[in-house]
Amino acid sequence: MSASQTSSSDVPADVPTLLVKIFGKDRPGITAGLFDTLAAYSVDVVDIEQVVTRGRMVLCALVTEPPPGVEGDLRATVHSWAESMKMQAEIISGLGDNRPRGLGRSLVTVLGHPLTAEATAAIAARITKTGGNIDRIFRLAKYPVTAVEFAVSGVETEPLRTALVTDAARLGIDVAVVAAGLYRRAQRLVVMDVDSTLIQDEVIELFAAHAGCEDKVAEVTAAAMRGELDFEQSLHARVALLEGLDASVVDKVRSEVRLTPGARTLIRTLKRLGYQVGVVSGGFTQVTDDLKERLGLDFAHANTLEIVDGRLTGKVTGEIVDRAGKARLLRRFAAEAGVPLSQTVAIGDGANDLDMLNAAGLGVAFNAKPVVREAAHAAVNFPFLDTVLYLLGVTREEVEAADTLDIG
């Protein structure tokens, strides 16, 4: 579905207007032809809306009433022109402009694979029950998921988000609710977690596999990500198990890292749109520095494994990147990028990402643990990282355009 809309200055409520509706098979020249026809009757355009779905067009034009004595001729001419174009026409008399939109403007993005009629009906009904009105619906993408955006007015963003998130979990879809406005496209910094977000792996587990202690490290990692252990303590405990490992394993681990499906597309598209992109990680600079170079990232920060005489010492050096540290780094990156914190996006999956997700203008839980999904502004539960683009209002067409360019 594609749509476009314009609106002129306000028309008094008692001024007669005509709603001219044209529908049928889409073909070039319909819009120009309709307004060429109307131009002969000295009408002013109040509003226009056009929607094309599977080759079928609906074009609506709200115009002022023509001069006295010619409305009948206008109607006959429009119907005759529509018939010549193998279209149908409907003309309805009325007064004034469209109903003004209610206060409170939000954009509701719904992701489904598939997006069922049942889920769509439930979301629409919930919007209505919260006091909202659906002003427009627009499809952002048809693959790898179906992404649809609802423009809603009449209800504030927070209560609408609270109401819809509960329904989303029950319906097996993802829903993101953000305040409408120009700032949405002005979000110019995206910062994401690395392990199990940008990449499919837990880096310390890759190191542990070479040290023969993978099971012990994985057990501690899982507990930390569930929020059951203090991250810094668990980090030191896991890294201690790597003591004595030859430093040559760093290159092996870098080669074993698997990017999450859609990661390159996400970053390429964001860069094309002028965003800056960074990563923060409770993992290690030995991997994040390599990812920064390979993917053209603007920022990267992580813990650093200490290496002495060609071997890992079982310690980390420098400032620890933990839950609070990730939020601090988000703020630092935003300051360096010259981007207000309210115009940042953070993406993560674990409990140690929560402070960062809450600090950002939009916090996205990506295939996250339940505690993270419940706390984040939005959640994506599909295995494609580029689906986050749809939460930013980016269409599939824009994604595909970025895929054709070399972004360095």
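Position labels on residues start from 1 in each chain and follow its written sequence. Reporting in this predicted model follows two pLDDT cut-offs: at least 70 for local features of residues, and 80 or more for side-chain atom pairs to be given and counted; totals over whole chains, interfaces and linings ignore these cut-offs and use all residues. By convention in this description, side-chain values take in all heavy atoms of the structure and omit both hydrogens and water.

The omega torsion across His113 and Pro114 is 0°, close enough to zero to call that bond cis. Comment: elements are numbered from the N terminus, with helices defined as DSSP H or I runs of at least four residues and strands as E runs of at least two. Mapped onto the elements, Pro114 comes out in the loop between strand S6 (105-112) and helix H3 (117-129). For the bond from Tyr143 to Pro144, the omega torsion is 0°, close enough to zero to count as cis. With respect to the helices and strands, the residue Pro144 is situated in the loop between strand S7 (133-141) and strand S8 (146-153). Located in the positive-phi region is Arg54, a residue other than glycine, with phi close to 45°. With respect to the element layout, Arg54 can be found in the loop between strand S3 (45-53) and strand S4 (56-64). Positive phi, close to 60°, is recorded for Lys86, a residue that is not glycine. Note that Lys86 resides in the loop between helix H2 (71-84) and strand S5 (87-95). In this structure Lys86 comes out as exposed when scored by relative accessible area, which is 68%. Only protein chains enter the area calculation, which uses a 1.4 Å probe; residues under 20% of their type maximum are buried, those over 50% are exposed, and those in between are partly exposed.

In this analysis an axis means a line fitted to C-alpha atoms, helices contributing only their contacting stretch, and an angle means the value between N-to-C directions, from 0 to 180 degrees. Axis separation between helix H1 (residues 30-39) and H2 bottoms out at 10 Å; the angle between their running directions is 155°. The orientation of H1 relative to H2 falls into the category roughly antiparallel. In this structure, the crossing between H1 and H2 has a hand that is right-handed. On H2, the residues touching Ile30, Gly33, Leu34, Thr37 and Leu38 of H1 are Leu74, Thr77, Val78 and Trp81. Reported orientations rely on four angle classes, namely roughly parallel under 35 degrees, roughly antiparallel over 145, roughly perpendicular from 65 to 115, and oblique for the rest. Crossings are sorted by hand: turned counterclockwise from the far helix by less than a right angle, the near helix makes the crossing left-handed, and turned clockwise it makes it right-handed. For this analysis, residues touch if any pair of their heavy atoms sits within 4.5 Å.

Further remarks concern the packing of helix H9 (residues 249-256) against helix H11 (residues 285-295). Between H9 and H11, the least distance of the axes is 10 Å, while the angle of their chain directions is 50°. Viewed along their axes, H9 and H11 adopt a mutual orientation that is oblique. Pair H9 / H11 crosses with right-handed handedness. Contact with H9, carried on its side by Val250, Val253 and Arg254, involves Gln286, Val287, Asp290 and Arg294 of H11 and no other residues of that element. We call Asp, Glu, Lys and Arg charged. Ala, Val, Leu, Ile, Met, Phe, Trp, Tyr, Cys and Pro are nonpolar, and the rest, Gly among them, are polar. Counted by class, the contact of H9 with H11 contains three nonpolar, one polar and three charged residues.

This part takes up the nonpolar core. Only buried residues count toward a nonpolar core, which is a set of Ala, Val, Leu, Ile, Met, Phe, Trp, Tyr and Cys residues joined through side-chain atoms within 4.5 Å. One finds Met192, Leu198, Phe207, Phe284, Leu291, Ile347 and Leu385 to be the most contacted residues of the largest nonpolar core, which totals 64 residues. With five residues, helix H6 (residues 203-211) is the largest single contributor of residues to this core. Ignoring anything within four residues of it in the chain, the contact list for Met192 reads Thr197, Leu198, Leu266, Ile267, Val277, Gly278, Val279, Val280, Ile347 and Leu385. If you look at the next biggest cluster of nonpolar residues, it comprises 22 residues, including Phe299, Val339, Ala346 and Met356.

This part takes up the pairing of strand S15 (residues 362-366). Along a regular strand, successive side chains alternate from one face of the sheet to the other. Most of S15 is tucked away: five of the five residues are buried. Going residue by residue along S15, you find Leu362, Val364 and Phe366 tucked away on one face and Gly363 and Ala365 tucked away on the opposite face as well. Think of it this way: DSSP has to see at least two bridges between two strands before they count as a pair. Two strands pair when backbone bridges link them, and strand S14 (residues 344-348) and S15 are joined in this way by four bridges, in the parallel orientation. Each residue of the ladder has a partner; that of Gly348, found in S15, is Ala365.

This next bit is on helix H4 (residues 157-171). Each helix should span, by expectation, one fewer than its residue count multiplied by 1.5 Å. Compared with the 21 Å implied by 1.5 Å per residue over 15 residues, the 21 Å span of H4 between its first and last C-alpha is a close match. Within the sequence span of H4, burial applies to Thr157, Leu160, Arg161, Ala163, Leu164, Asp167, Ala168 and Leu171. In the core, the buried residues of H4 are packed alongside S6, H3, S8 and strand S9 (174-179). Gly172, located one to two residues past H4, shows a positive phi value of around 75°.

Relative to strand S13 (residues 311-317), strand S12 (residues 299-308) runs antiparallel, the two sharing four bridges. Across the sheet, Val308 pairs through a bridge with Arg311, a residue of S13. Counting the residues in the hairpin turn of S12 and S13 gives two residues, including Asp309, whose phi is positive at 55°.

Now for the packing of aromatic side chains. Working definition: a ring pair exists when centres of Phe, Tyr or Trp rings (six-membered ring for Trp) sit within 6.5 Å. Plane angles under 30 degrees give stacked, over 60 give edge-to-face, the rest tilted. Counted according to the given criterion, the structure contains two aromatic pairs. Seen from their ring centres, Phe207 and Phe284 are 6.0 Å apart, and the 85° between their planes marks the pair as edge-to-face. On the criterion of sequence distance, the pair formed by Phe207 in helix H6 and Phe284 in strand S11 (residues 276-284) is long-range, its members being 77 residues apart. An identical accessibility class is assigned to Phe207 and Phe284; each is buried. Their ring planes at 15° and their centres at 4.8 Å tell us that Phe299 and Phe333 sit as a pair that is stacked. Of this pair, Phe299 sits in strand S12 while Phe333 sits in helix H12 (residues 323-337); the two residues are 34 residues apart in sequence, bridging distant segments of the chain. What makes Phe299 buried here is its relative accessible area of 9%. Residue classification places Phe333 among the buried positions, given a relative accessible area of 4%. We call a charge positioned above a ring when the Lys NZ or Arg CZ atom is no farther than 6 Å from the ring centre and deviates by at most 35 degrees from the ring normal. For Lys21, the ring lying beneath its charged end belongs to Phe23, and the centroid distance is 5.4 Å.

We now examine the pattern of salt bridges. Salt bridge criterion: a side-chain nitrogen from Lys or Arg within 4 Å of a carboxyl oxygen from Asp or Glu. Per the counting criterion, the structure on display carries 17 salt bridges. Among the salt bridges present, the one from Arg75 reaches Glu71, with a minimum N-O distance of 3.0 Å. Taken together, the positions of Arg75 and Glu71, both in helix H2 and four residues apart, correspond to about one turn of that helix. A salt bridge links Asp167 to Arg126; its shortest N-O distance comes to 2.8 Å. With Asp167 in helix H4 and Arg126 in helix H3, this residue pair connects regions lying 41 residues apart in the sequence.

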